[in-house]
Amino acid sequence: MITYLLRRFAFLVVSLLLAMVVLFLLLRLLPGDPANALLSVNATPEQIAAAQEQVGSNLPLGQQFVAWFGDMLTLNLGDSFISSLPVGPEIMARLAVTVPLTLISFTLALVLSLFVGFIAAWKGNTWYGAGLSALSQLGVAVPAFWVGILLVSAFSVNLRWFPSGGFPRDDWADPAAALHSLALPIFTITIVMTASISRYVRSATLDVLGSDYLRSARALGSGFREAMWRHGLRNGSVPVISILGIELATTFLGAVVVESVFTLPGLGSMLLKAIAQHDYPNIQGILLFSTFVVLVIGFVADIVQRLIDPRLRTSVSGNR
């Protein structure tokens, strides 16, 4: 297992390095010079040359990458072209909105999807079991931003229960006010994620309900609850956990998108503003940080899956 952990960690590092190379090249292939973000329309040749020297775009591509890669190794994401503020602290400040939005939404979606998926599988022959399955399929097909617009129309414009957007200026100084402003974004992500995760829970539950080991446990005198708890839970959780890593990463990326619908001061608004202003350091920093988060989530989910399922640990030992 230790050998596998080291190999998996090496794969994580290599994936992050490749992502850094791809991100650097893609941004440099975009039309226009990064120095244009610092220039006015009527900039003189001297001003253009000074701006290019300031951002380093006058250097060969290889030298630009070496300089940028060296900064990344020291966790220096650079300074914004527009505000001249360090990118790293700005990202950390924006996470005060994005992280709670992601974690609360994912936790609620996980709890709801376990209930919805189990009932949809266990009572699939009933009208409400079939109805939950149909709602899950419908929820997957609906875009998150459309759900957000519907919730704003219903609960903000018509009922006036929640604000349509924005976040308190003092951030989390008043937790109740902060949660109140995040209510609709949380509901939006929760609805979409519940529909997605519950389908996998339903599929895993159907596999357990039709398994030989569950029937054998029932035949030996175990009740349904005892058989599911002792035998079905672990076996059914293995495929779901592998999906939860992907879904958590999707929730994080979805939160970035939903923030733009509700004008929240998180990573989403920071990224959109950076793209509109051609602020390369901010774009690079946000995308690189998001990539790192997604890779780490996948790494952790893979390890947890092997800790739960002894068969995977056995296969790892057999491959050494």
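Residues numbered from 1 in each chain as written. Predicted model: local features only at pLDDT ≥ 70, side-chain atom pairs only at ≥ 80, totals over all residues. Heavy atoms only, no water.

### Some words on the packing of helix 4 (residues 87–122) against helix 7 (residues 175–209)
Item 1. One can describe the packing of helix 4 onto helix 7 by two numbers: an axis separation of 5 Å at closest approach and a directional angle of 35°. Our pair here, helix 4 against helix 7, has a crossing hand that is right-handed.
Item 2. Within the contact of helix 4 with helix 7, the residues separate by chemical class into 23 nonpolar, 7 polar and 1 charged. (Axes fitted to C-alpha atoms, helices over the stretch in contact; angles between N-to-C directions. Helix = DSSP H or I, 4+ residues; strand = E, 2+ residues; numbered from the N terminus. Left-handed = near helix turned anticlockwise from the far one by under 90°. Nonpolar A, V, L, I, M, F, W, Y, C, P; charged D, E, K, R; others polar.)

### Quick word on the packing of aromatic side chains
To describe a pair of aromatic rings, you give the distance between the ring centres and the angle between the ring planes.
Item 1. Inspection of the entire model under this criterion finds 9 aromatic pairs.
Item 2. With 5.7 Å between their ring centres and 25° between their planes, phenylalanine 65 and phenylalanine 69 make a pair best called stacked. Note that phenylalanine 65 and phenylalanine 69 are positioned in helix 3 (residues 61–73) at a spacing of 4 residues, about one turn of the helix.
Item 3. The partly exposed category is assigned to phenylalanine 65, whose relative accessible area is 23%.
Item 4. Judged by centre distance (5.6 Å) and plane angle (90°), the ring pair of tryptophan 127 and tyrosine 128 falls under edge-to-face.
Item 5. The exposure class assigned to tryptophan 127 is exposed, which follows from its relative accessible area of 72%.
Item 6. The class for tyrosine 128 is partly exposed, based on a relative accessible area of 35%.
Item 7. For arginine 199, the ring lying beneath its charged end belongs to tyrosine 200, and the centroid distance is 5.4 Å. (Phe/Tyr/Trp six-rings, centres within 6.5 Å; stacked < 30°, edge-to-face > 60°. Buried < 20%, exposed > 50% of the residue type's maximum accessible area, 1.4 Å probe, protein only. Lys NZ or Arg CZ within 6 Å of the ring centre and 35° of its normal.)

### Side note on unusual backbone geometry
Item 1. One non-glycine residue, leucine 75, lies in the positive phi region at around 60°.
Item 2. Relative to the assigned elements, leucine 75 resides in the loop between helix 3 and helix 4.
Item 3. Although it is not a glycine, arginine 160 adopts a positive phi angle of roughly 60°.
Item 4. Of note, arginine 160 is situated in the loop between helix 6 (144–158) and helix 7.

### A look at the confidence of the model for the protein chain
Item 1. Averaged over all residues, the pLDDT of the protein chain is 80; the fraction at 70 or higher stands at 85%.
Item 2. Within the protein chain, helix 4 carries the highest mean pLDDT (88), whereas helix 12 (residues 310–319) carries the lowest (54). (pLDDT = per-residue confidence, 0-100.)

### Some details on the nonpolar core
Item 1. Counting 31 residues, the largest nonpolar core has Trp68, Met72, Leu77, Ile91, Leu267, Met270 and Leu288 as its most contacted members.
Item 2. Of all the secondary structure elements, the ones that give two or more residues to this core are helix 1 (2–29), helix 3, helix 4, helix 7, helix 9 (224–261), helix 10 (267–276) and helix 11 (280–308).
Item 3. The residues contacting leucine 288, other than those within four sequence positions of it, are Leu16, Met20, Leu23, Trp68, Met72 and Leu77.
Item 4. Residues Val147, Leu151, Val152 and Leu264 belong to the second largest nonpolar core, which totals 21 residues. (Core = buried A, V, L, I, M, F, W, Y, C linked by side-chain atoms within 4.5 Å. Contact = heavy atoms within 4.5 Å.)

### So, the pattern of salt bridges
Item 1. All told, the structure shown has 1 salt bridge when counted by the stated rule.
Item 2. Residue arginine 94 pairs with glutamate 90 through a salt bridge whose shortest N-O separation is 2.9 Å. You can see arginine 94 and its partner glutamate 90 sitting in helix 4, 4 residues apart, about one turn around the helix.
Item 3. Judged by its relative accessible area of 17%, arginine 94 is buried. (Salt bridge = Lys/Arg side-chain N within 4 Å of Asp/Glu carboxyl O.)

### Section: a nonpolar patch on the surface
Item 1. On the surface, Phe145, Trp146, Ile149 and Leu150 cluster together into a nonpolar patch covering about 410 Å² of accessible area.
Item 2. Looking at the element boundaries, tryptophan 146 is found in helix 6. (Patch = residues over 30% accessible without salt bridge, like charges linked within 9 Å, V, L, I, M, F, W, Y side chains within 5 Å. Areas by Shrake-Rupley, 256 points an atom, 1.4 Å probe, with all protein chains shown as cover.)

### Observations concerning the side chain of threonine 102
Item 1. Position of threonine 102 among the secondary structure elements: in helix 4.
Item 2. Once residues within four sequence positions are removed from consideration, threonine 102 is found in contact with Leu248, Thr251, Phe252 and Ala255.

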